[in-house]
Each structure stands twice: as C-alpha cells, then as structure tokens.
Amino acid sequence: MASASSANHILLSPPPSLPSLLPPPSTAKFPHISFPRNYLSHSSLIRSQPQLPCFITNAAALNTAQSPNIVSLSKTTDPDHTTNTSKPTILVSEKLGEGGLDLLRSFADVECLYGMSPEQLCKEISRFDALIVRSGTKVSRDVFQAANGRLKVVGRAGVGIDNVDLQAATELGCLVVNAPTANTIAAAEHAIALLASMARNVAQSDASVKSGKWQRTKYIGVSLVGKTLAIMGFGKVGSEVARRAKGLGMHVISHDPYAPADRARAIGVDLVSFDDAISTADFISLHMPLTPTTSKVFNDDTFAKMKKGARIINVARGGVIDEDALVRALESGVVSQAALDVFSEEPPPSDSKLLQFENVTLTPHLGASTKEAQEGVAVEIAEAVVGALRGELSATAVNAPMVPAEVLSQLAPYVLLAEKLGRLAVQLVAGGDGIKAVKVVYRSARDPDDLDTRLLRAMIIKGIIEPISDSFVNLVNADFTAKQKGLRISEERVVVDSSPENPIDSIQVLISNTESKFASAESEHGNVSIEGRVKYGIPHLTRVGSFSVDVSLEGNLILCCQVDQPGMIGRVGNILGEQNYNVSFMSVGRTVKRTKAIMAIGVDEEPDKNTLKKIGEVPAIEEFVFLKL
C-alpha cells in the first residue's frame, strides 16, 4: 500500500474566537474504565444505526430547522408571535448572587421565580430563552419539551449537572453551560478546615464543653507538622489544598494520572501511584469526581491498604466512598478519624452508622458555601449564559451544537471508533507523570483538505479524558479541555491507496513520553500505540504496538502477550469457558513465527479476579491486561 504523509505533527489550537483557559487539571483513579456496550450485533448491521455520544443527536433530530445551532442562540422567537423580541428573556429559578443578576439584567429581561413546582416550571418555561438553575431545580425532558423550541440555554450555577437532562437538551437544540471554577478556593479552604478540626477534635470538644464537661485528656489531638497528606486528585481544588497544606508544614503527595510532574514539583508535591499514596499517608484528602471509575473506589480493599490509623477527608463527591466499608474501617481502627462534607445520599438517613461515630466530623455539603464563592458562581454562570445568547462558543459548555446530517451520516461509525480508541489508549497508560502528548494519525484516500477531523479529534479527546475526570467533552470544548488537562494534541493525515468512498481507512492513537502497563502496546519508538478501522459498520481494533490483531470493539477486551506456540487459544478459552464467560471474538497477531504473539479476546462480561489470575498464571503468557470498552 503506497502512502505519503501530508502533514506531520500539526499542533491544534482552539478557534481564535474562544478564550484560552488553563486551570489545573482534575482527576480520578486511573485504571479500569466503565463504558456501556454498543448494542450493535452482526445481525443488526444494516437495520440499526450506532448509538451516538450525547452531543450528537439521532438522525431524526438532525434537522436544522427544528434544532437551532449554537450560533443562532441570540434569536428569540416567541412561539405565539411571528416577530422577535428586542431583548432575550431569562428565567432564574433559584437564588443567584446580585453580581450575576446585574450582569444578566444589563443584557436581557430577567424574571426570578423561586420555589416553583415541576408543573409550574413547565407552564412558565415557554416564555424564556434561557434558564438558570442551581441544584434544586430538575430540568427534565418535560421542561425542554414544554419550552416549544424557545429555550436556547440552560445555565447550571455550579459544577454538577445531574439535575439537567443532557440528552433531551441536545436533542431539542438547547445548550447547557455550567460554572466549574468559581468555588475552587472555597472548597479548598473547607478541606483544610476539616483537616485541622479533625486533627484537634474541635467539633467533639466543642460539644463536650457545651454539655457541661471538661475533658482535656480525652481530646488530645495530633500535630499536622511533618505528617504526610495524600491528595487524591491534583486538579483545581486539590492543588489549592496542597498549597495550604505545605504552609502548615505537611509533606504532600498526590495521585493524579493527568497532573504534569513539573507543575506538581513547583508546588513541592510528589506524584505517586494510587497504592503508594494511600499506603503511606497519615491524612488522605479526596478531590476526585464521581465517575463509573471512581464510584466506591474507597472500599474494603482500598482501606485494607492504608496505614493503620489513617485519617480521611472528603469534600469531593459522596459516592467515591463505600460508606459501609468506611464504617467497617472505623470499627477496626484502620481509619481513626473521618471528616465528610458529602454523602452518597444527602442528607444522610437518620439511621446511618456514620452519624453514630464520635470520631467522624460531618458538615452539610458546605464546600462551596461562602459568600465570595456564591457571588463568583453567579457571575461565572451569568457570563456563560449571556455569551451563549450572543452566539459565542462557550468553553464551559457540557453539550454541543447539532452536527450537520450529511457529516454525521459519513462519520457515525468512525465517531464510535475514535472514542473507543481513546478509551483503550488511556487504560494502557501506567500513570507516572501522566499523559502529556497524544498524536492521532488518520489514513485516508481523500485529499487532506477534504477531511474534516474536528469531530473525530473531539471524540478521541472525549475517550481519553471524560471517563476519568469530571469534564464533559464535546465538539465545542474538546481542544480547551485537552489544554486544561495539560494534553498536547497533534494530528497527522496520511494519504493511502484505498477506496475514496470511505472517509477514513484507519485511525491510529499514539501516547508519547509515558509508560504502558502492557509493554507490548509500545511501538518501536516507545509510544503507546493502537490502531483501528471500521469493518461492516463496526469499530475494530487492528493493531496493538507492533502486533496486528482483528477484534471487534464490543463488550470487554483481554490482551495477552504470549510465547507463540500451539494450544494457547484453547488454554485461555477453556479457563474462560469453565467460569461461564462467553468469548465473542478472538484474534492472534505475531511479528515472527514461534517467537511472541498477542492474543486479543473479546468477552461479554468482566471476568472475576480469580479467572484473570488463572489466565496470568499460564506459563507461556508473559503479560496481560483487561480493558473495559
């Protein structure tokens, strides 16, 4: 196959209309990433369309007459009239700081209607072009449908968007923006407050004195100077906590797969592995988002690895801790104290055992509750909503404008391939200094000028970043999000002699300057390298490192590097079959006969630890890795 490189190492920059944002990255625990299966099967290839990411609508919704693009957000059409109003209208459904309200009023007609029921919101929403909520208003599909196409922007005054139906917003052409940075300092300060209060038993001794007791010997605390603090997530909040903890004389370490080592060193923080962080720390402060990867990541196994008597602080998300496991760790003394601002269920139920421990300090989700933070969030969300209504692209968008139907119809299967390659690549990285540089190589018979890769690039970034962070990556904010995480994304387009009917022949993802936890995935140049293509409408993995494979990217994947000898497929297949795990695909690739080979096995379910251990114990298998798709 003849090929010629059309462009080498093109550094991509965000569109000039978007501001440059460089806040520190956020994080989560690294290794295994959950991802829902693509529902396609061989029998449904012709009848079905692939399930598309949340920021791409289905074909029926891709009608620009019904689904306005971001650039038309400033148009305010009253469904009951044919003329446009002079000013857009904005509904604020929960209390917002005056600074934000003043900014909104300078641009639009603003109504503040607090405490509305869902029925009242549905009744009122068709009069407004934008809606601003906090966490107490549920913006459901019913709300979007009741807007009759009038609602153009929903602004969430805060970080989480659990109360907004993103899929409905996207399908009905409504942009959703949030305010992710304004409460950073407040959250960091609250973590330090809990840290110091816990160490010196402030809450407990306060209650004791107020009950008429004087128990000086009972509430002897521990000093912070010289103690090791592990910060789990070195993002915006985590890095601010580190700065303050260093000022208290603590030794600070952190685990974060994205944090650049040089930025951490500049603050005096050592980046370490997850296990090293939790096993050596006296205090552990959590600053990770709640994702499928991090859900209950602090469980019985995690607590068992901690130094006996460790103390834990959580101002992140309640779901990252298995609260039943924390109770057991407190009862056994593995965890001597805990300070929690967030809970799996808020408020926690009255029969929660966590409420019964005197050595547990609890606050009612106060991380962002300062006057300054509330005002900052109000201004940040007001700026985002006003910008969106003016037709500007927003770096805090959590969904995206509609994709033209003709582009989507061509790229739909490659969109899925791009995201899955990103998800695979990030799982192959061992950690260490984190991911810094990602190169994407597109091989195509088309002229480079006839190949728009923005959507594919966004999906690769989405696959790498989104499962293990609190970022929502889409066509609008992909390049900015990559910059926020310290990622340098470059693209190369290679012209190959293949069918010009297909927009892409193959996509290759290379991650440089990092160590792989599956050494065979490293190319001859030391990069983590995987490649894939679309076959019969389904994404396939076709190369891992220097080894050719051919396996459908459905379900889950086991990669084994083995001595190339007879019987290996049968041995591994028997291990899986004995435990009733179904093998959907299997492929073996090698470079030289009777030396080494890679076996790629698709499995429907995730094998248990014992089954994976048995595979690893097969003498001819040198290394293996389990990957979730």
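You'll find the structure just up there.
Chains are numbered independently. Their residues run from 1 in the order of the written sequence. Owing to the predicted nature of the model, reporting of local features is limited to residues with pLDDT of at least 70; listing and counting of side-chain atom pairs is limited to 80 or more, with chain, interface and lining totals taken over all residues. Side-chain calculation: all heavy atoms of the structure are included, whereas hydrogens and water are not.

## Notes on the packing of aromatic side chains
- Centres within 6.5 Å make a pair out of two Phe, Tyr or Trp rings, where for Trp the six-membered ring is used; the pair is then stacked when the planes are under 30 degrees apart, edge-to-face when over 60, and tilted otherwise. Enumeration over the complete set of coordinates arrives at two aromatic pairs.
- Each ring, one from F274 and one from F298, has its centre 5.8 Å from the other, and the planes form 50 degrees; the classification is tilted. With F274 in helix α9 (residues 274-280) and F298 in the loop between β10 (283-286) and α10 (300-304), the pair connects residues that are 24 residues apart, well separated along the chain.
- Here F298 and F303 contribute two aromatic rings whose centre-to-centre distance is 6.5 Å and whose plane-to-plane angle is 50 degrees, an arrangement assigned as tilted.
- Residue F298 is classed as buried on the basis of its relative accessible area of 0%. What counts as a helix is a DSSP run of H or I of at least four residues, what counts as a strand is a run of E of at least two, and both are numbered from the N terminus. To sort residues, take the accessible area from a 1.4 Å probe on protein chains only and compare it with the maximum for the residue type: under 20% means buried, over 50% means exposed, and anything in between is partly exposed.

## Details of the sheet that holds strand β13 (residues 360-362)
- Two strands form a pair only when DSSP identifies at least two bridges running between them. Within the open sheet, the seven strands sit side by side as β9-β8-β7-β10-β11-β12-β13. Their pairing is parallel. The outermost strands of the open sheet, each flanked by one partner alone, are β9 (270-271) and β13.
- Sheet topology places strand β7 (residues 228-232) next to β10; four bridges connect them, and they run parallel. Pairing of L229 across the sheet is with F283, part of β10.
- Strands in contact with helix α5 (residues 184-199) are β10, β11 (310-314), β12 (335-340) and β13; relative to β11, the strand with the most contacts, it is inclined by about 150 degrees.
- Here, residues are in contact when the closest pair of their heavy atoms is within 4.5 Å. Under this scheme, a helix contributes an axis fitted over its contacting stretch, all axes are lines through C-alpha atoms, and angles between N-to-C directions fall in the 0 to 180 degree range. The strands touched by helix α11 (residues 323-332) within the sheet are β11, β12 and β13, with β12 carrying the most contacts at an inclination of about 140 degrees.

## Brief notes about helix α16 (residues 568-578)
- M568, V572, I575 and L576 are the residues of α16 that are buried. What you see down the axis of α16 is that its buried residues fit within an arc of 95 degrees, all on one side.
- Where the residues of α16 are buried, they touch β20 (556-563), β21 (583-590), β22 (596-603), α17 (609-616) and β23 (621-628).
- Directly after α16, the chain includes N580, whose backbone phi takes a positive value near 65 degrees. In this context, the arc is that of the directions from the helix axis out to the C-beta atoms.

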